Amino acid sequence: MQSLPYGSFQNWLGREAPSGEGVIVPSPLGHTTVLKVEKRVAGYLSLVDSHDALEDFDRMVLSYGADVCAI
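This section reports on the structure supplied with the text. (Residues numbered from 1 in each chain as written. Predicted model: local features only at pLDDT ≥ 70, side-chain atom pairs only at ≥ 80, totals over all residues. Heavy atoms only, no water.)

## As for the environment of P26
In this structure, P26 sits in strand β1 (residues 24-27). What makes P26 exposed here is its relative accessible area of 60%. Sequence spacing of P26 and A53 is 27 residues, and the spatial spacing of their C-alpha atoms is 9.2 Å. Apart from the residues lying within four places of it in its own chain, the contact partners of P26 are W12 and H31. (Helix = DSSP H or I, 4+ residues; strand = E, 2+ residues; numbered from the N terminus. Buried < 20%, exposed > 50% of the residue type's maximum accessible area, 1.4 Å probe, protein only. Contact = heavy atoms within 4.5 Å.)

Laid out in structure tokens, this is it:
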């Protein structure tokens, strides 16, 4: 956990954070999606992973996880 690039992730959020609901993009931590509540960005959900390719299960976890977290 100590070696995760939190600073790079914060900088990335300022430049390239996803804004569309359901959009999953590569990020410095792995893959990230936006959490929207009442049409506003409430936060981000990231799958911390070093793999470049996103598997179907990982995509489902991020998609449904973002919905659950937004509730």
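## Here we look at the pattern of salt bridges
The full count for this structure, using the stated rule, is one salt bridge. The closest approach of N and O atoms between R15 and E16, which form a salt bridge, is 3.6 Å. Exposure remark for E16: the relative accessible area of 46% places this residue in the partly exposed category. (Salt bridge = Lys/Arg side-chain N within 4 Å of Asp/Glu carboxyl O.)

## Points about the sheet that holds β1
Taken in spatial order, the three strands of this open sheet run β1-β2-β3, and their pairing is antiparallel. Single-partner strands in this sheet number two, and they are β1 and β3 (40-48). Across the sheet, the mean angle from the axis of one strand to that of its neighbour is 35°, orientation sign disregarded. Pairing between β1 and strand β2 (residues 30-37): four bridges, direction antiparallel. Of the residues in β2, the one forming a bridge with P26 is H31. Contacts between helix α1 (residues 6-16) and the sheet are confined to β1, β2 and β3, with β1 contributing the most and set at about 135° to the helix. (Pairing = 2+ DSSP bridges. Axes fitted to C-alpha atoms, helices over the stretch in contact; angles between N-to-C directions.)

Nothing here speaks to function; it is geometry throughout.
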